[in-house]
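Each chain, written out:
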Amino acid sequence: MRKRPLTVAALAVLVLSGGLVACDDPRVDAFQANCTTKALKWKVTVLKKKARTPHREARLSAVNTGANGCVFRGYPDVVVRSGKAWQADAVGQGRTRPVSLPSGKGVVVDLRYRDAEVKHREDGGCWAKGDDVVVGAPRDGGRTAIKAQDEKGRKADMVLCDYRITMAPPRAAAG
C-alpha cells in the first residue's frame, strides 16, 4: 500500500469541505461578467440630516435585475446635475473590492457632500439644487438619470455647497 503525501490529503479535505469555494473569492469573480448600467436598478436615498453637521449623507444602491450574476468592480460613476448650469462629481475614497451580485442581490455606496446652509450668504453661499443624479456602473459606458428620494420614498432634492461628493467603497447590501 502506498502512502499519500500529507499535502494531498489536506487538499482533499479542503475541497470536500468547500473551503476553496466562496462567493466573494476573487478567483470565482474573475469568471463573471462586469455589471452593466442597464442590468442594475438604481436608487439614491438622501438620509436625514444629523444635527450640527455641515455634511449630508446619501446612499446609492443598485440591484442586479439581470438573469445572470455579475461583479461590481470599482466605484460607480455618479454626477449630480442641475440643468445645464453645473454638476457635482462623486470621487471614491479608499480601495474597492469586487462585489459579486447574483440576480436579485444589491450593492450599496455611501455618499457624503457639503450640505446647504440655512441662511444664504451675500456672496451666494450654497446655491446648487440637484435635479438629476446620473449614475453608471463601473467599467461601463452606459449612464442613466434617476431622481433622489428621502428615506420614506418621496422625491428629495440634493442641495450642495460644493462641486465634489465623496463615495465610500461599494459593499454588498444586507439581506
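Every chain is numbered independently, its residues counted from 1 as its sequence is written. This being a predicted model, a pLDDT of at least 70 is required before a residue's local features are given, and a value of 80 or more before pairs of side-chain atoms are given or counted; all residues contribute to the totals for chains, interfaces and linings. In computing side-chain properties, one takes all heavy atoms of the structure into account and sets aside hydrogens as well as water.

Details of the overall build of the chain
Then, in step 1: Numbering of helices and strands runs from the N terminus, with a helix taken as a DSSP run of H or I at least four residues long and a strand as a DSSP run of E at least two residues long. Within the chain, the regular secondary structure consists of two helices and 13 strands.
Then, in step 2: Across the 175 residues that make up the chain, the buried fraction comes to 35%.
Then, in step 3: Only the protein chains shown count as cover for residues, and the accessible areas themselves come from Shrake-Rupley with a 1.4 Å probe. A total of about 11,400 Å² of accessible surface is found on the chain, and carbon and sulfur atoms cover 54% of it. Any residue under 20% of the maximum accessible area for its type is buried, any over 50% is exposed, and the rest in between are partly exposed; the area is computed with a 1.4 Å probe on protein chains only.

Section: the state of the cysteines
Then, in step 1: To count as a disulfide, a pair of cysteine sulfur atoms needs to be within 2.5 Å. Following the criterion strictly, the structure yields one disulfide and no others.
Then, in step 2: The disulfide partner of Cys-35 is Cys-70, and the S-S distance across this bridge is 2.0 Å. Looking down the S-S bond of the Cys-35 and Cys-70 bridge, the torsion is 85°, so its handedness is right-handed. Of the two residues, Cys-35 sits in the loop between helix 2 (26-29) and strand 1 (40-46) while Cys-70 sits in strand 3 (residues 70-72), which places them 35 residues apart along the sequence. Side by side, Cys-35 and Cys-70 carry an identical accessibility label, which is buried.

Description of the side chain of Thr-37
Then, in step 1: Positionally, Thr-37 belongs in the loop between helix 2 and strand 1.
Then, in step 2: Excluding its chain neighbours within four sequence positions, the residues that come into contact with Thr-37 are Trp-42, Val-135, Gly-136, Ala-137, Asp-140, Gly-142, Arg-143 and Thr-144. Any two residues whose heavy atoms approach within 4.5 Å at even a single point are treated as in contact.

So, the pairing of strand 9 (residues 132-136)
Then, in step 1: Strand 9 sits mainly inside the fold: four of its five residues count as buried.
Then, in step 2: In this scheme, strands are said to pair when DSSP sees at least two bridges between them. The pairing of strand 4 (residues 77-82) with strand 9 spans five bridges and is antiparallel. Following the sheet pairing, Arg-81 is matched in strand 9 by Asp-132.
Then, in step 3: As judged from the three bridges shared by strand 9 and strand 10 (residues 144-146), these two strands associate in the antiparallel manner. Across the sheet, Val-135 pairs through a bridge with Thr-144, a residue of strand 10.

Brief notes about the pattern of salt bridges
Then, in step 1: Take a side-chain nitrogen of Lys or Arg and a carboxyl oxygen of Asp or Glu: if they are within 4 Å of each other, that pair is a salt bridge. Within the structure shown, the criterion is met by seven salt bridges.
Then, in step 2: For Asp-150, the salt bridge goes to Arg-154, with nearest N and O atoms at 3.1 Å.
Then, in step 3: Asp-150 sits in the buried class, given a relative accessible area of 18%.
Then, in step 4: Owing to a relative accessible area of 49%, Arg-154 belongs among the partly exposed residues under this scheme.
Then, in step 5: Residues joined in a network through salt bridges with shared partners are Arg-59, Asp-110 and Arg-171.

Some details on the packing of aromatic side chains
Then, in step 1: Aromatic pairing here means that ring centres of Phe, Tyr or Trp (its six-membered ring) are within 6.5 Å. Orientation follows from the plane angle: under 30 degrees is stacked, over 60 is edge-to-face, and everything else is tilted. Applying the stated criterion across every chain yields a total of one aromatic pair.
Then, in step 2: Plain terms: the ring middles of Trp-42 and Phe-72 are 6.4 Å apart, the flat faces sit at 55° to each other, and that makes the pair tilted. Highlighted residues: Trp-42 in strand 1 and Phe-72 in strand 3, separated in sequence by 30 residues. The burial state of Trp-42 is the same as that of Phe-72; both residues are buried.

Quick word on the confidence of the model for the chain
Then, in step 1: Chain-level pLDDT for the chain is 80 on average; 74% of the residues reach the 70-or-more range.
Then, in step 2: Every residue is assigned a pLDDT by the predictor, reflecting its confidence on a scale from 0 to 100. Within the model, the stretch residues 13-26 combines pLDDT values under 50 with eleven contacts to residues more than four positions away or in other chains.

As for the environment of Ala-88
Then, in step 1: Summarising the element assignment, Ala-88 is placed in strand 5 (residues 86-92).
Then, in step 2: Residue Ala-88 is classed as buried on the basis of its relative accessible area, which comes to 0%.
Then, in step 3: Each C-alpha atom of the pair Ala-88 and Tyr-113 lies 9.5 Å from the other, and the pair is 25 residues apart in sequence.
Then, in step 4: Ignoring anything within four residues of it in the chain, the contact list for Ala-88 reads Val-78, Val-79, Val-80, Leu-160, Asp-162, Tyr-163, Arg-164 and Ile-165.

Points about the pairing of strand 2 (residues 55-64)
Then, in step 1: Looking at chain direction, strand 1 and strand 2 are connected through seven bridges and run antiparallel. The partner of Lys-41 across the bridge, within strand 2, is Val-63.
Then, in step 2: In this sheet, strand 7 (residues 106-115) lies alongside strand 2 in antiparallel orientation, the contact comprising nine bridges. Residue pairing in the sheet places Leu-60 in a bridge with Val-109 of strand 7.

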